[in-house]
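Summary of structural features
As a plain string of letters, each chain reads:
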Amino acid sequence: MSAILDAISTALYSYILIILLIGVGLYFFIRTKALPLRMFGESIRVVMEKPEKGSDFSSFRALMVSTASRVGVGNIAGVATAIALGGAGAVFWMWVIATVGAASAFIESTLAQIYKHRSPHGHSFGGPAYYIKDALRSKTLAIIFAVALIVTYMGGFNLLASFNVNQAFSAYSWYNASYTPYIIGGLLGLAMAGSIFGGTRRLSDITGILVPIMAIIYLAVGIVVIALNWRNIPAMFESIFASAFDFKAIFSGFAGSAVMLGIKRGLYSNEAGVGSAPNAAASASVSHPAKQGLVQMLSVFIDTMIICTITAFVILSSNIEITGDLKGAPLVQNAMASTIGSFAGPFTTFALLLFGFTTLVGNFYYAEVNLRFLFGDKPTPHWVLTIFRAVASFLVFAGALLEFSVAWNIGDILMGLMALINLPVIVILGNKAIQCAKDYQMQRKQGLNPAFRASSIGITQKLDYWQD
């Protein structure tokens, strides 16, 4: 199974997805006139706005749910794996994916806001499945996407997150491979069940508290480690850029190159263009869809340019030998231990535990939104939700028992299949999001708090929101 999955993953990322990810990202980066860079300051301003109604889902809350999924095991274990297998140059290609991917993130999240739906309780919800059905008018493709997302996030990604949390404990002397994974998996599964049986609103409450705390603590310790290794920083940057543009090494062994590993792990970490974050973006109460596009664009920068970069710099500035034998969380633990001693092991384990748990919860939020889509206008039966949540909790338990390459390849392949659906769709529908961005900028230049009307960009179909 490992060999088959590896072959599929290599083929997917060596050819198809590299062209699609970079191509679509560059297309929107150019079409929006470098919007991720041009409106970065505006995205920070928007994220602090209060929701349109006091009790509604704020932009910040939606940012925390999407960041809970983005900021997770990929920021520690994913970055370490990319560097161990692809070299320091993988970091540069993560930056590239984040920069162009931020434009794709803006487009998909703005579309999710435009075509969002209103629940019987007055809350908004939506995502790619909804804009595929309503704007592209393809219910079949929408169903395929919804199923793909459920399998990817509740299955592949949560299996992988659980695996990486378990792996973080493998460095301890008390860890026994024959039974410890069952204990760790069982505890994670129980914690997951306790969270998700409270419904999606409880999920947003949990992530809204944990995400900022875990990110700030991890960043603070990471910056201390880098500062203590300041003498190695010039050599670190030299290694990153030399490895990134070592084209002979890249094209002689592309499957394990810095380019492919950087793109794989960058995409897994920031999820730009995959079609996940729009599910959270649609839930925010804002006066203009472009506001949430800007917020989700900011999430990509937080994830890759800040948190992933700190992990990479911790590893590369520590000057430990990177052979490929040590990868994932144990590599980060060793890098920190070389600078701050025995404190590094427990701290990295704790960080990965928090990162991993919020990833599990954030991922499930996306899966449940798409389960509700499959039932259409009918309420999802309570017994279906109960079984769905029980299966999700069991999969978290099972993930701790997986083997390294199987865990990563399952996550990569499923994520790639989602991107293969969502990226062409946002290219087809992207013009509406671009027009929406222009409408927002025009109103801002006039000194207004932008308010959106669907008719202003030529949308005449009936929508749950944005009507005159």
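Our structure's up above, just so we're on the same page.
Below or above, wherever it landed, is the structure these notes cover. Bear in mind that the values here come from a model prediction, so they are computed numbers and not experimental data.

Glancing now at the overall build of the chain. From N to C terminus, the chain includes 19 helices and two strands. Counting all 468 residues of the chain, 61% fall into the buried class. For the chain, the exposed surface amounts to about 17600 Å²; the carbon and sulfur share of it is 67%.

In this section: helix H11 (residues 233-244). Over its twelve residues, H11 runs 17 Å from end to end, which matches the ideal 16 Å to within 8%, given 1.5 Å per residue. Every buried residue of H11 is listed here: Met236, Ile240 and Ala244. Down the axis of H11, the sector holding all buried residues measures 55°, keeping them to one side. Seen from the open side of H11, the exposed residues pointing more than 90 degrees away from its buried face are Pro234 and Glu238.

This part takes up the pattern of salt bridges. The final tally for this structure, using the stated rule, is five salt bridges. The partner of Lys133 in a salt bridge is Asp134, and the shortest N-O contact between them spans 3.0 Å. Across the pair Arg372 and Glu368 runs a salt bridge whose closest N-O atoms are separated by 2.9 Å. On the criterion of helical spacing, the pair formed by Arg372 and Glu368 is a turn pair, its members being four residues apart in helix H17 (residues 344-374). When its relative accessible area of 0% is taken as the criterion, Glu368 is described as buried. Taken together, the salt bridges that share partners define one network made up of Glu42, Arg45 and Arg444.

Before going further, it helps to spend a moment on the side chain of Gln113. Among the secondary structure elements, Gln113 is positioned in helix H6 (residues 89-114). When its relative accessible area of 0% is taken as the criterion, Gln113 is described as buried. Among all residues touching Gln113, those that are not within four sequence positions of it are Ala281, Ala282, Ala284, Val286, Pro289, Gln292 and Trp466.

Before going further, it helps to examine a positive patch on the surface. The grouping of Arg31, Lys33, Arg38, Lys438 and Lys445 at the surface amounts to a positive patch. Looking at the element boundaries, Lys445 is found in helix H19 (residues 404-445). Look at Lys445 and you get exposed, because its relative accessible area is 76%.

Over its 18 residues, helix H18 (residues 382-399) runs 26 Å from end to end, which matches the ideal 26 Å to within 8%, given 1.5 Å per residue. Buried residues of H18: Val384, Leu385, Phe388, Arg389, Ala392, Ser393, Val396 and Gly399, and no others. Within H18, the buried residues cover an arc of 165° as seen down the axis, which keeps them to one side. Of the residues in H18, the exposed ones pointing more than 90 degrees away from the buried face are Trp383 and Phe394. For H18, the elements touching its buried residues are helix H8 (139-168), helix H9 (180-196) and H17.

Okay, the environment of Gly189 next. Looking at the secondary structure, you find Gly189 in helix H9. Once residues within four sequence positions are removed from consideration, Gly189 is found in contact with Ser393 and Val396.

With the rule as written, the count across this model stands at 20 aromatic pairs. Taken together, a centroid distance of 5.2 Å and an interplanar angle of 85° make the contact between Phe92 and Trp93 edge-to-face. Comparing Phe92 with Trp93 shows no difference in burial state: the two are buried. A network of ring pairs unites the aromatic residues Phe92, Trp93, Trp95, Phe237, Phe241 and Phe313 as a single cluster. Sitting over the face of the ring of Tyr465, Lys116 holds its NZ or CZ atom 4.6 Å from the ring centroid. Between the NZ or CZ atom of Arg118 and the centre of the ring of Tyr465, over which it lies, the distance is 4.0 Å.

Time to look at the packing of H8 against H17. At a minimum axis separation of 9 Å, H8 and H17 run at an interaxial angle of 165°. By the criterion of interaxial angle, the relationship of H8 to H17 is roughly antiparallel. Along this stretch, H8 crosses H17, giving a crossing that reads as left-handed. Residues that form the contact of H8 with H17 fall into these classes: 22 nonpolar, eight polar and no charged.

Here Gln443 is to be found in helix H19. Owing to a relative accessible area of 10%, Gln443 belongs among the buried residues under this scheme. Setting aside residues up to four positions removed in sequence, Gln443 forms contacts with His288, Leu448, Asn449, Pro450 and Ala451.

Moving on to the packing of H11 against helix H15 (residues 289-317). It is at 9 Å that the axes of H11 and H15 come closest, and there the two elements cross at 110°. Judged on the interaxial angle alone, H15 and H11 are roughly perpendicular. Pair H11 / H15 crosses with right-handed handedness. Counted together, Met236, Phe237 and Ile240 of H11 and Phe313, Leu316 and Ser317 of H15 form the full contact between these two elements. Here the contact of H11 with H15 is composed, by residue class, of five nonpolar, one polar and no charged.

What follows deals with unusual backbone geometry. The phi dihedral of Arg137 is positive, around 60°, even though this residue is not glycine. In this structure, Arg137 sits in the loop between helix H7 (128-134) and H8. A positive phi angle is found at Trp466, which is not glycine, with a value near 70°. Position of Trp466 relative to the elements: it lies in the segment after H19. Residue classification places Trp466 among the buried residues on the basis of a relative accessible area of 10%.

Parameters at a glance
- Sequence order as written defines the numbering, with residues in each chain counted from 1.
- Given that this is a predicted model, residues contribute local features only at a pLDDT of at least 70 and side-chain atom pairs are listed and counted only at 80 or more, while totals for whole chains, interfaces and linings are drawn from all residues.
- Hydrogen atoms and water are omitted, and side-chain values are computed over all heavy atoms in the structure.
- Comment: elements are numbered from the N terminus, with helices defined as DSSP H or I runs of at least four residues and strands as E runs of at least two.
- Classification of residues uses two cut-offs on accessible area relative to the type maximum, computed with a 1.4 Å probe and protein chains only: under 20% is buried, over 50% is exposed, and between them is partly exposed.
- The Shrake-Rupley method, run with a 1.4 Å probe sphere, supplies the accessible areas, and residue values consider only the shown protein chains as cover.
- Here, expected helix span is obtained from the residue count minus one, scaled by 1.5 Å.
- By construction, the arc corresponds to the directions joining the helix axis to the C-beta atoms.
- One side-chain nitrogen of Lys or Arg within 4 Å of one carboxyl oxygen of Asp or Glu is enough to make a salt bridge.
- When checking whether two residues touch, look at their non-hydrogen atoms; a contact exists if any pair is within 4.5 Å.
- Like charges are joined within 9 Å and nonpolar side chains (Val, Leu, Ile, Met, Phe, Trp, Tyr) within 5 Å, but only among residues with over 30% relative accessible area and no salt bridge; these make up the patches.
- In this tally, Lys and Arg are treated as positive and Asp and Glu as negative; His is ignored, and so are the chain termini.
- Note that the charge is assigned to NZ on lysines, CZ on arginines, CG on aspartates and CD on glutamates.
- Think of it this way: a Phe, Tyr or Trp ring, Trp meaning its six-membered ring, pairs with another when their centres are within 6.5 Å, and the plane angle makes it stacked under 30 degrees, edge-to-face over 60, tilted otherwise.
- By the criterion adopted, a ring carries a charge over it if an Arg CZ or a Lys NZ lies within 6 Å of its centre and within 35 degrees of its normal.
- For helices, the fitted axis covers only the stretch in contact; all axes are lines through C-alpha atoms, and the angles between them, taken along N-to-C directions, range from 0 to 180 degrees.
- Small angles under 35 degrees read as roughly parallel and large ones over 145 as roughly antiparallel, with 65 to 115 read as roughly perpendicular and the rest as oblique.
- The crossing is said to be left-handed when, going from far helix to near helix, the turn is anticlockwise and less than a right angle, and right-handed when the turn is clockwise.
- Lys, Arg, Asp and Glu make up the charged group, whereas Ala, Val, Leu, Ile, Met, Phe, Trp, Tyr, Cys and Pro make up the nonpolar group; the residues left over, Gly among them, are polar.

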